[in-house]
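# What the coordinates show
Chain by chain, the residues:
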Number of protein chains: 2
Amino acid sequence: MAAREPNRSAEQLETRHRILREAATLFADKGYAATTTREIAAAVGVQQPSLFHHFGSKQEILDSLLRVSIEVPAATLKALVRQEGSPAERLMAHLFLDARHILSCPYNLLGLHADDVLLGDFGRWRAKLDELHRGIRRLVRSAVQEGEFVAVEPEFAQWTLTGGTLAVIRIHGGAPRPRPDRTAWQASRLLTRMYLARPETLDACQRGASEIVDRIRAEATPEDSPADKPKAKEKVKEKEVAP
Amino acid sequence: MAAREPNRSAEQLETRHRILREAATLFADKGYAATTTREIAAAVGVQQPSLFHHFGSKQEILDSLLRVSIEVPAATLKALVRQEGSPAERLMAHLFLDARHILSCPYNLLGLHADDVLLGDFGRWRAKLDELHRGIRRLVRSAVQEGEFVAVEPEFAQWTLTGGTLAVIRIHGGAPRPRPDRTAWQASRLLTRMYLARPETLDACQRGASEIVDRIRAEATPEDSPADKPKAKEKVKEKEVAP
DNA sequence: GAGTAGACCTATCAATTGATAGGGCACAAG
DNA sequence: CTTGTGCCCTATCAATTGATAGGTCTACTC
């Protein structure tokens, strides 16, 4: 009785991919707990039990999204601490990479950082997110100590910076943007400037951050063709995490 | 079988008040949808159906909290537009009043602005919140036009400023703080400075904001004893909203 | 002491929710 | 043609959830 028209539509996206996309949008709009599997299925254009052919449970859907949302920024931050450059430059590089990741991600990652999501069986992601936040706070603290930033509580700065990155998504929507790099630099400039002791040094800071980003990019693709764009995260083909 | 020990504890808070307090904390921790009425009841120390003796429904609990969370800031913002003063000063005054309201509120208002909360039957509050945000954006836009603020998208600034205010709660917890005024001024200084074109004018801006706050305070209590502290919001005795 | 109102309890319901079981259908391999 | 496999469907379940009905206890009033 229930036809599956939306399923056969033009786009060739596999169902699994589309489940993630629709679920992310719904989670962003209504929150994880308030989103039912039936709503997700309806948005995808399949029956509710069909979801469980692709994901073992509702939590597994969120788990896959959290992996995309958290693991990439955590990896870039880890790469950042090994790089040279002043704290403010490294922080700006992280803000840029984070914003670009969010903007170029095919899923709407807004709403995945809500508190209701990261409790219970998602403590693993909560821990990873906390680690990410700690890394940001360390960079802020260093920047304050070196006089690059004004005196600001690292925790406060961290929350406003991560919140500001989310504001970028809010404004530009969840859809992948045509020029994520440009928007991401704009956002990282505004966010970095917030706490810069001498705002006139923002351009110099961005130059340093840009160099860091280039180094990380070169480091991440040492043998790949150096000309292609770094869209390794586009295809979200996740491998099972080894226990 | 289930004794009601926590109920008879020292504090004289009426049950209704305590329901709001515990519910707000749970909503902040887990989100509205993920919080069950049984959890709220357990935190209060009563049986689940007893909640419905004080509130007609779970939504009504959230409704009462949203009223506290949104109506007060909306009223102060409305009072602000009538005041004299530069846009930045008025915005700073609003940021201070908002932060102080949150810090001195007996309920943990964090988590009430999550998206999952403001859909469905809470569209009324969503509209009010949007109106509040629009007012903030207007102030930002004026400040940018007059050169007080750097060039920043009003929408972006609004999200970072409101998010930054929430960060204050995150850091200082939901509990009422001993010196909300001091913390609120600190927060509003950090938030205002973010977009100030000339950060060295922050002190002057705060002086202007402080005068505005004093004027609003005097205006709000024209005949009351002028010496008492403005704790009119402490007692959250809500009257039914006339339809 | 009888009556009454408020606050809380136990028992229970109807709806919703995530998840399972098993069948049908298309399609590729042998 | 047969077999098998992947994908989706219908039918259904068990648990949870918000909410209701009705009883009990306490405190106050007359």
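Reading guide: rules and limits
- Residues numbered from 1 in each chain as written.
- Chains lettered and ligands numbered in written order.
- Predicted model: local features only at pLDDT ≥ 70, side-chain atom pairs only at ≥ 80, totals over all residues.
- Heavy atoms only, no water.
- Salt bridge = Lys/Arg side-chain N within 4 Å of Asp/Glu carboxyl O.
- Helix = DSSP H or I, 4+ residues; strand = E, 2+ residues; numbered from the N terminus.
- Buried < 20%, exposed > 50% of the residue type's maximum accessible area, 1.4 Å probe, protein only.
- Phe/Tyr/Trp six-rings, centres within 6.5 Å; stacked < 30°, edge-to-face > 60°.
- Lys NZ or Arg CZ within 6 Å of the ring centre and 35° of its normal.
- Near = heavy atom within 4 Å.
- Polar contact = N/O pair within 3.5 Å; in protein donor to acceptor, adjacent residues only side chain to side chain.
- Nonpolar A, V, L, I, M, F, W, Y, C, P; charged D, E, K, R; others polar.
- UniProt positions renumbered as here; feature names shortened; annotations may be inferred.
- Contact = heavy atoms within 4.5 Å.
- Buried area = accessible area lost by both parts, 1.4 Å probe.

### Re the pattern of salt bridges
Taken as a whole and judged by the stated rule, the model has 14 salt bridges over all chains. With a closest N to O distance of 3.9 Å, Asp63 of chain A and Arg67 of chain A form a salt bridge. With Asp63 of chain A and Arg67 of chain A both in helix H4 (residues 58-81) and 4 residues apart, this pair spans about one turn of that helix. The pair formed by Asp63 of chain A and Arg67 of chain A is uniform in burial state, with each residue classed as buried. Glu219 of chain B is the partner of Arg82 of chain B in a salt bridge, and the nearest nitrogen-oxygen pair spans 2.9 Å. Of this pair, Arg82 of chain B sits in the loop between helix H4 (58-81) and helix H5 (87-104) while Glu219 of chain B sits in helix H9 (residues 202-220), and the two are 137 residues apart along the sequence. With relative accessibility at 55%, the residue Arg82 of chain B sits in the exposed group. A single salt-bridge network, built from bridges that share partners, covers Asp63, Arg67 and Arg124 of chain A.

### Examining the packing of aromatic side chains
Where two aromatic rings form a pair, the distance of their centres and the angle of their planes describe that pair. Residues and elements named next belong to chain B. The tally for this structure, following the rule as stated, stands at 6 aromatic pairs over all chains. Centre to centre, the rings of Phe149 and Tyr195 are 6.2 Å apart; their planes meet at 50 degrees, and the pair counts as tilted. A residue pair is termed long-range when its members are at least 10 positions apart, and Phe149 in the loop between helix H6 (123-145) and helix H7 (154-172) and Tyr195 in the loop between helix H8 (180-193) and H9 qualify at 46 residues. For the pair shown, Phe149 and Tyr195 are each scored as buried. One cation-aromatic arrangement involves Lys58 over Tyr32; the distance from NZ or CZ to the ring centre is 4.3 Å.

### Quick word on the protein's contact with DNA strand D
Taken together, 20 residues surround DNA strand D, and among them Gln47, Ser50 and His54 of chain A together with Gln48 and Lys58 of chain B come closest. Expressed as a percentage, the sugar and phosphate content of the atoms of DNA strand D within 4 Å of the protein is 63%. Side-chain polar atom of Arg38 of chain B to a base nitrogen of DNA strand D: 3.1 Å apart, as the coordinates give it. Listed by contribution, the elements that provide at least two residues to the surface near DNA strand D are helix H3 (51-54) of chain A together with helix H2 (37-44) of chain B. Class assignment for the residues of the surface near DNA strand D results in 6 nonpolar, 11 polar and 3 charged.

### Considering the UniProt feature "DNA-binding region" (unreviewed entry) in chain A
Following the UniProt record, the feature "DNA-binding region" (unreviewed entry) maps to residues 36-55 of chain A here. Along residues 36-55 of chain A, the helical share is 60% and the strand share 0%, with 14 Å between the first and last C-alpha atoms.

### Digging into the interface of chain A and chain B
Tallying the contact residues gives 31 residues for chain A and 31 residues for chain B. For the chain A and chain B pair, buried surface summed over both sides reaches about 2,600 Å², with 67% attributable to carbon and sulfur atoms. Its largest share of buried area at the contact with chain B, chain A owes to Phe156, Ile171 and Met194 of chain A, together 23% of the area lost on that side. At the boundary of chain A with chain B, the tally comes to 0 salt bridges. For the pair chain A and chain B, the number of links is 4 residue pairs in polar contact (both at pLDDT 80 or more). Secondary-structure elements contributing two or more residues to the side of chain A that touches chain B are helix H1 (15-30), helix H7 (154-172) and helix H8 (180-193) of chain A. Considering each element in turn, the side of chain A that touches chain B owes the most residues, 10 residues, to H7 of chain A. The residue makeup of the side of chain A that touches chain B, split by class, is 19 nonpolar, 4 polar and 8 charged.

### Here we look at the environment of Glu148 of chain B
Residue and element names in this part refer to chain B. When you line up the elements, Glu148 lands in the loop between H6 and H7. Along the chain, Glu148 and Ala88 lie 60 residues apart, while their C-alpha atoms are 6.6 Å from each other. Leaving out residues up to four positions away in the same chain, Glu148 has contacts with Ser86, Pro87, Ala88, Ala143, Tyr195, Leu196, Ala197 and Arg198.

### Examining the protein's contact with DNA strand C
Taken together, 20 residues lie near DNA strand C, and Lys58 of chain A together with Thr15, Gln47, Ser50 and His54 of chain B sit nearest. Put simply, 62% of the atoms of DNA strand C that lie within 4 Å of the protein are in sugar or phosphate. Contact between DNA strand C and Thr37 of chain A: a phosphate oxygen at 2.9 Å from a main-chain N or O atom of the residue. Within the side chain of His54 of chain B, one N or O atom sits 2.5 Å away from a phosphate oxygen of DNA strand C. Looking at the surface near DNA strand C, the elements that each hand over two or more residues are helix H2 (37-44) of chain A together with helix H3 (51-54) of chain B. Here the residues of the surface near DNA strand C sort into 6 nonpolar, 11 polar and 3 charged.

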